[in-house]
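Examining the three-dimensional arrangement
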Amino acid sequence: GGQIVPASTDPNEVCVNGMSFSNRDSLWANSALVVTVGPDDPILDEYKRDHGILAGIAFQRDMERRASVMGGGNLVVPVQRLTDFVQGKTSHDAPSSSYKLGVKPSSCHDIYPAELTESLRNALENEFDKQMKGFLCSDGLL
C-alpha cells in the first residue's frame, strides 16, 4: 500500500511522488507512468528557442504549472479516472485518494502535449491492462 505526497518546490507548481509504508497495508496502491522526453524530442523545440539548454527544465515547470492551475492552486492535485483519461473525457467525480492536500476531478489529458497523452493512453490500454487485467478501471486515478 502507498500514499501520494507533494513533491513541489514551488507553490505555483504541482508535482507528486508515491511512497509506501513498511507494512504495505494501506488502502491504496500507487504506481508511476513515465514517458521519456529526450533532448532532441520535437516537443521541446519551442522551449529550446526560449530557454536553450534548459529547455527540459522549462518544459517540466510548464507542465507542473498547468497542473497547479487545473487543480485550483494550494497544491490541490488535478485527477482523472483512468477510463475517462483513455476516452478523453473530463472526470466530474473521483474516488477517494491518499493525497492529503486535496484532489480536483479534471481533464488531465489537457495538461500534456497530445503526443505524450497518446503515449500514456497506449501504455494503459495495450500494456498495463493486458499484463494486469483490471488495471484500467474507473476506480483508478491518474
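Shown above is the structure to which this text applies.
The notes below deal with the structure included here. The structure displayed is predicted, hence computed values, not measured ones. (Residues numbered from 1 in each chain as written. Predicted model: local features only at pLDDT ≥ 70, side-chain atom pairs only at ≥ 80, totals over all residues. Heavy atoms only, no water.)

1. A look at the nonpolar core
Our working definition: Grouping buried Ala, Val, Leu, Ile, Met, Phe, Trp, Tyr and Cys residues that are joined through side-chain atoms within 4.5 Å yields what is termed a nonpolar core. Partly exposed describes any residue whose relative accessible area lies between the buried limit of under 20% and the exposed limit of over 50%, with all areas from a 1.4 Å probe on protein chains only and scaled to the type maximum. Note on conventions: DSSP H or I runs of at least 4 residues are helices, E runs of at least 2 residues are strands, and numbering of each starts at the N terminus. Contact definition: two residues touch when any of their heavy atoms are within 4.5 Å.
Core analysis: the biggest nonpolar cluster contains eight residues, these being Ile43, Leu44, Tyr47, Ala55, Ala58, Phe59, Met63 and Leu116. In terms of residue count, the dominant contributor to this core is helix 2 (residues 55–71) (four residues). Setting aside residues up to four positions removed in sequence, Phe59 forms contacts with Val37, Ile43, Leu44, Tyr47, Pro113 and Leu116. Formed by seven residues, the second largest nonpolar core is a distinct cluster that contains Ala67, Val79, Cys108 and Ile111.

2. Here we look at the packing of aromatic side chains
Filter applied, for reference: Within 6.5 Å between ring centres, the rings of Phe, Tyr and Trp (the latter by its six-membered ring) count as paired, and their orientation is classed by plane angle as stacked under 30 degrees, edge-to-face over 60, tilted in between. Throughout this description, the term charge over a ring refers to an Arg CZ or Lys NZ atom that lies within 6 Å of the ring centre and within 35 degrees of the ring normal.
Throughout the structure, instances matching the rule amount to two aromatic pairs. On the basis of an interplanar angle of 90° and a centroid distance of 5.4 Å, the ring pair of Tyr47 and Phe59 is categorised as edge-to-face. Residue Tyr47 is found in helix 1 (residues 45–51), and its partner Phe59 is found in helix 2; the two are separated by twelve residues along the sequence. Accessibility classification places Tyr47 together with Phe59 in one group, the buried group. Sitting above the plane of the Phe85 ring, Arg121 keeps its charged end 5.4 Å from the centroid.

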